[in-house]
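Structural features, examined
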Amino acid sequence: MKKIFYLFLISFGFVANSNCQTYKVAKKITIAGDEGWDYLSVDEPNQHLFVSHGNVVNVVDLKTEKTIATIQNTKGVHGIAVANELNKAFITNGKDNSVSIIDLKNFELIEKVAIEGQKPDAVLYDQFSRKVFTFNAKSKDATVLDAITNKVIKTIPLGGKPEFSVTNTKGLIYVNIEDKNQIKTIDTKSLEVMASWSITPGEEPTGLAIDLTSNRLFSVCGNKLMIVVDAANGKVIKSLPIGEGCDGVAFDSDRKLAFSSNGAGTITVVRENSANDFSVVQTVSTQKGARTITLNNKTHQLYLSSAEYGAKPAATTENPKPKSSIIPNSFAILVVESN
């Protein structure tokens, strides 16, 4: 009876229904440079967006939508983790196996730390433990740094290629293992892997997000599935269809919506109706190549990097799988918001 009455209230507009929200690309923020891209990260207190871009990191003031800094010497940059209470950003440099530590106020280099891990990719700052975790694609491990001293503490073997990670803010880190179709759980105190969970039917998981309230993980996979997992025991709750070429996912805890960024040019929006009930509510048109995503929790806006592509060249014996070139001066941040 309560459920029927609630639906009655929704139908007559007495209760807000997040299904009524529709998302679209509202605008683009142009950034100079014609190189590739990977992760983005929002410094929410300062409303600055950090954008990995070739061998630099561009910093955009979201209030003016202007580039206010370009952080140099981040060779093969992948991830950026922001630690506001420490006034630091931690940036992974995949080509020289290092972490650049940046002052959030002046964007100057505090220290560049060499690590043993090979090809550091995703990076996570865990406020609970005051540790930084870099996830190293080539050496298939995680490097742990003390976020206060900037010193390397330990390297954790992962037995597979790690991708994105999240924290439960209570002492556990979850990380996708792309080539094993797993999520592994790391204890931030012992710095050991506590559990390895299969996410079948998901294959080649990349992006990962978490709902801290319902304790649900959202893992997006190369076989066009979003896998929802119980973070307490690794049980697969639901698998949902998403678009092709996904590399990232974000979760809006206020609106109970998960967003899968698909490189083919869409965002799949999934609504969490309850802890065990999830549904696709929208497919948003974006732009080819917009495969990574981040959320601004203050404004509920989403940001994705992309550029425009020229025609794909013909295949040759020397290059049987040619890639389309980026059109000069077309790199931009897509700003996606609801009506």
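Position numbers for residues count from 1 along each chain, tracking the sequence in the order it is written. Only residues with pLDDT of at least 70 get local features here, since the model is predicted, and only at 80 or more are side-chain atom pairs given and counted; chain-wide, interface and lining totals rely on the full set of residues. Remark: hydrogens and water are excluded; side-chain values derive from all non-hydrogen atoms of the structure.

**Side note on the pairing of strand β3 (residues 48–53)**
Along β3, six of the six residues are buried, which leaves the element largely enclosed by surrounding structure. Only protein chains enter the calculation, and the probe is 1.4 Å; a residue is then buried if its accessible area is under 20% of its type maximum, exposed if over 50%, and partly exposed in between. Helix and strand assignments come from DSSP, with helices taken as H or I runs of at least 4 residues and strands as E runs of at least 2, each series counted from the N terminus. Of the two faces of β3, both are covered, the one formed by His-48, Phe-50 and Ser-52 as well as the one formed by Leu-49, Val-51 and His-53. Strands are treated as partners if at least two bridges between them are detected by DSSP. For strand β2 (residues 37–43) and β3, the ladder comprises five bridges, and the chain directions are antiparallel. Note that in β3 the partner of Trp-37 across the bridge is His-53. The antiparallel pairing of β2 with β3 creates a hairpin that spans four residues between the two strands, and Gln-47 there sits at a positive phi of about 55 degrees.

**Re the side chain of Gln-182**
Within the fold, Gln-182 resides in strand β16 (residues 182–187). For the purposes of these results, a polar contact is taken to be a pair of N or O atoms within 3.5 Å, where, inside protein, one atom must be able to donate a hydrogen and its partner to accept one; residues adjacent in sequence count only when each atom of the pair is a side-chain atom. Polar side-chain contacts of Gln-182 include one of 3.4 Å to the side chain of Lys-184. For Gln-182, the contacting residues outside a window of four places in its chain are Val-175, Asn-176, Ile-177, Ser-196, Trp-197, Ile-199 and Pro-205. We call two residues in contact whenever any of their non-hydrogen atoms come within 4.5 Å of each other.

**Quick word on the sheet that holds strand β22 (residues 246–252)**
Sheet strands pair via backbone hydrogen bonds, and the direction of the pair is either parallel or antiparallel. As summarised here, the arrangement of the four strands in space is β22-β23-β24-β25, forming an open sheet in which the pairing is antiparallel. The strands lining the two open edges of the sheet, one partner per strand, are β22 and β25 (277–285). The mean angle between the axes of side-by-side strands here comes to 20 degrees, regardless of whether they run parallel or antiparallel. As paired elements, β22 and strand β23 (residues 257–262) share six bridges and run antiparallel to each other. If you follow Val-249 over to β23, its bridge partner there is Ser-260. Axis angles are defined between N-to-C directions and span 0 to 180 degrees, where every axis is a line fitted to C-alpha atoms and, for a helix, only to the segment in contact.

**A look at the pattern of salt bridges**
Close approach of charged atoms allows side chains of opposite charge to pair. The salt bridge criterion pairs a side-chain nitrogen of Lys or Arg with a carboxyl oxygen of Asp or Glu, the two atoms within 4 Å. All told, the structure shown has 10 salt bridges when counted by the stated rule. The partner of Glu-178 in a salt bridge is Lys-161, and the shortest N-O contact between them spans 2.6 Å. With Glu-178 in the loop between β15 (172–177) and β16 and Lys-161 in the loop between β13 (152–157) and β14 (162–167), this residue pair connects regions lying 17 residues apart in the sequence. Since its relative accessible area comes to 17%, Glu-178 is described here as buried. Residue Lys-161 is classed as partly exposed on the basis of its relative accessible area of 24%.

**Quick look at the packing of aromatic side chains**
Pairing of aromatic side chains requires ring centres within 6.5 Å, counting the rings of Phe and Tyr and the six-membered ring of Trp. Pairs whose planes differ by under 30 degrees are stacked, by over 60 edge-to-face, and all others tilted. Applying the stated criterion to the full structure yields nine aromatic pairs. Through a chain of ring-to-ring contacts, the aromatic side chains of Trp-37, Tyr-309 and Phe-331 assemble into a single cluster. Lysine and arginine charges are scored as sitting over a ring when NZ or CZ, respectively, is within 6 Å of the ring centre and within 35 degrees of the ring normal. For Lys-288, the ring lying beneath its charged end belongs to Tyr-309, and the centroid distance is 5.1 Å.

**With respect to the sheet that holds strand β28 (residues 332–338)**
With antiparallel pairing, the four strands of this open sheet are ordered in space as β1-β28-β27-β26. Either end of the sheet is taken by a strand with one partner, and the two such strands are β1 (23–30) and β26 (294–296). Neighbouring strand axes in the sheet, compared pairwise and without regard to direction, differ in orientation by 30 degrees on average. In the sheet, β26 pairs with strand β27 (residues 301–306) via three bridges, with the strands oriented antiparallel. What sits directly across from Asn-296, in β27, is Gln-301.

**Quick look at the confidence of the model for the protein chain**
Confidence per residue, as judged by the predictor, is encoded in pLDDT with a range of 0 to 100. Summing up the model confidence of the protein chain, the mean pLDDT is 93 and the portion of residues at 70 or higher is 94%. pLDDT under 50 marks residues 1–19. Its contacts with residues more than four places away, or in other chains, come to 11 contacts.

**Let's talk about the environment of Val-166**
Within the secondary structure, Val-166 is located in strand β14. Distance from Val-166 to Ile-80, taken between C-alpha atoms, is 13 Å for residues 86 residues apart in sequence. Apart from residues no more than four positions distant in its own chain, Val-166 is found in contact with Leu-124, Leu-172, Ile-173, Tyr-174, Leu-208, Ala-209, Ile-210 and Leu-217.

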